[in-house]
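Below, each chain spelled out in residue letters.
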Amino acid sequence: MCSWQINLSQKFSGYEKIPQLLAIGVGKKDELDAETIRRAAGKAGKMLAALNANTVGFLLTPLLNKATETDLGQVLVEGLTLGAYEFNAYKKLEGNKAKAKSIKIICCDPEKLTSLKVLKIGKIRADGTNMARTLGNTPANDLKPKDLAEEAKKIAKQHKMECTVLEEKDMKKLGMGMLLGVSQGSREPAKLIILEYSHQKATQTVALVGKGVTFDSGGISLKPGKNMDEMKFDMCGAAAVLGTMKVIGQLNPKLNIIAVIPTTENLPGGEAQRPGDIVTAHNGKRVEILNTDAEGRLILGDALSYVVKEFKPDAVIDLATLTGAVITALGHLTTGAITNNDDLMEQVRKAGINSGDRVWQLPSFPEYGESIKGKYADLQNIGGGDSGTIVGGLFLEHFIDETPWVHLDIAGTSWNVKHVGYQPNSGATGVGVRLLVDLVQNWKTLK
Ligand code: BES
Ligand code: MN
Ligand code: ZN
């Protein structure tokens, strides 16, 4: 960890003393947009980290500024801070490779294109994203459901929010049979984390729900060994929601925001649930478990039903590393979405373009949902095999009532993202943080 200092100077001076100059191409002038600049700044950040440099300077020019809807200064600092991120908490760094303890960004802005306030917003957004990355990268032996709960409590304390953590006994009383069914294969108790941010002038409430499976072995429907280590990332939805709340606590949007995180391990212990088991969800629906590896929809279903009933939000967004199928459909560059509300979807899509966390809607014609109608119960947790991302999304829709809702499948975009300048070469991306921050900051009451 190192500290950052951001300076803004109206003069362009000191250039005679520049020891190293880094030039990064940004393509054609009329094709330039915010994301291109964010990526270029990200590359610069990576160089900065590799060189252990402690000072970096930028000159802002109107040419770059015109190309961006978002403030150029914000995008530059954001990209730089994201690019410089490294996860080396578990590495002994040799003496001569010791990392710079503080980094200074000097923004030369002779034309007064930006402000210190805006530069700091870029920093806050990137720090929230980096926090989500670190939660994602931390191995599952050091990040259990209780650790996510502690993180939430820390955020609540720092930013004057309310935090409630429901324990398994509370879930029993509430009838959350799907969440409890997943957690019964592990010795670590599940938690349901609720973090509430409110603004005095708010008239609308948005709920953010994040999948927090701290390790997904598949349970009795055990996953193959290859790449199973990557299932420590199965809590990236939760990480995105926590990173977002951290940013929200500092930017104070005029909205009430409820974060809900169902968190558990999915392990095949002696008490684990079996294929064929039938459980009762929080909303009373009975669900037959045909594959214990389709656990994300189970824990989210109970969380969605709970937040809709208890808080009656105006809109709900859920983020989950829900299906491998979304990687087949969209690769690692775009998050897949399922929705019941076109207006909300459009707001999310626009936030995706703005933030660089791009989102694409998948179809959800009712026929896709036929395959999860249950044989022995109301529902079953898997369909026939085709269009897995859509079926997963439609399973969740059974727990949302009529509330405007967008489901984001971030299984592809949460790690392993290549060829994006500000993304790490390996590990978690912190996807969703800047997307959600943009969404709540530009929130428009739904039609
Ligand atoms: N966490 C996984 C989804 C996943 C798989 C994310 C691979 C990233 C890479 C989820 O819990 C899961 O196991 N989904 C199953 C669903 C299936 C059993 C219907 C999947 O995608 O195989
Ligand atoms: Mn699974
Ligand atoms: Zn999972």
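For the structure itself, consult the block above.
Residues numbered from 1 in each chain as written. Chains lettered and ligands numbered in written order. Predicted model: local features only at pLDDT ≥ 70, side-chain atom pairs only at ≥ 80, totals over all residues. Heavy atoms only, no water.

Caption draft 1: Expanded view of the pairing of strand 7 (residues 212-216). Strand 7 sits mainly inside the fold: 5 of its 5 residues count as buried. Note that strand 7 and strand 8 (residues 256-266) share 4 bridges and pair parallel. Opposite F215, over in strand 8, you have E265 as the bridge partner. (Buried < 20%, exposed > 50% of the residue type's maximum accessible area, 1.4 Å probe, protein only. Helix = DSSP H or I, 4+ residues; strand = E, 2+ residues; numbered from the N terminus. Pairing = 2+ DSSP bridges.)

Caption draft 2: Seen up close, the site of ligand 1. Around ligand 1 lies a shell of 16 residues, among which K223, D234, D293, E295 and G324 are the nearest. One of the side-chain nitrogen or oxygen atoms of D293 is found 2.8 Å away from an oxygen atom of ligand 1. A distance of 3.2 Å separates a nitrogen atom of ligand 1 from a polar backbone atom of T321. When isolated, ligand 1 has an accessible area of 510 Å², and the protein chains bury 77% of it. Within the shell around ligand 1, the residues separate by chemical class into 5 nonpolar, 4 polar and 7 charged. (Near = heavy atom within 4 Å. Polar contact = N/O pair within 3.5 Å; in protein donor to acceptor, adjacent residues only side chain to side chain. Areas by Shrake-Rupley, 256 points an atom, 1.4 Å probe, with all protein chains shown as cover. Nonpolar A, V, L, I, M, F, W, Y, C, P; charged D, E, K, R; others polar.)

Caption draft 3: Representation of the sheet that holds strand 1 (residues 3-9) in the model. Within the open sheet, the 3 strands sit side by side as 1-3-2. Their pairing is parallel. A single partner strand is all that each edge strand has here, and the edge strands are strand 1 and strand 2 (55-59). On average, adjacent strands in this sheet sit at an angle of 15° to one another, irrespective of strand direction. The pairing of strand 2 with strand 3 (residues 102-108) spans 5 bridges and is classified as parallel. Bridge pairing links F58 to C107 in strand 3. (Axes fitted to C-alpha atoms, helices over the stretch in contact; angles between N-to-C directions.)

Caption draft 4: Just the side chain of D409, in detail. Looking at the element boundaries, D409 is found in strand 15 (residues 405-409). Those residues in contact with D409 that lie beyond four places of it in its chain are A320, T321, L322, T323, V326, T335, G336 and T389. (Contact = heavy atoms within 4.5 Å.)

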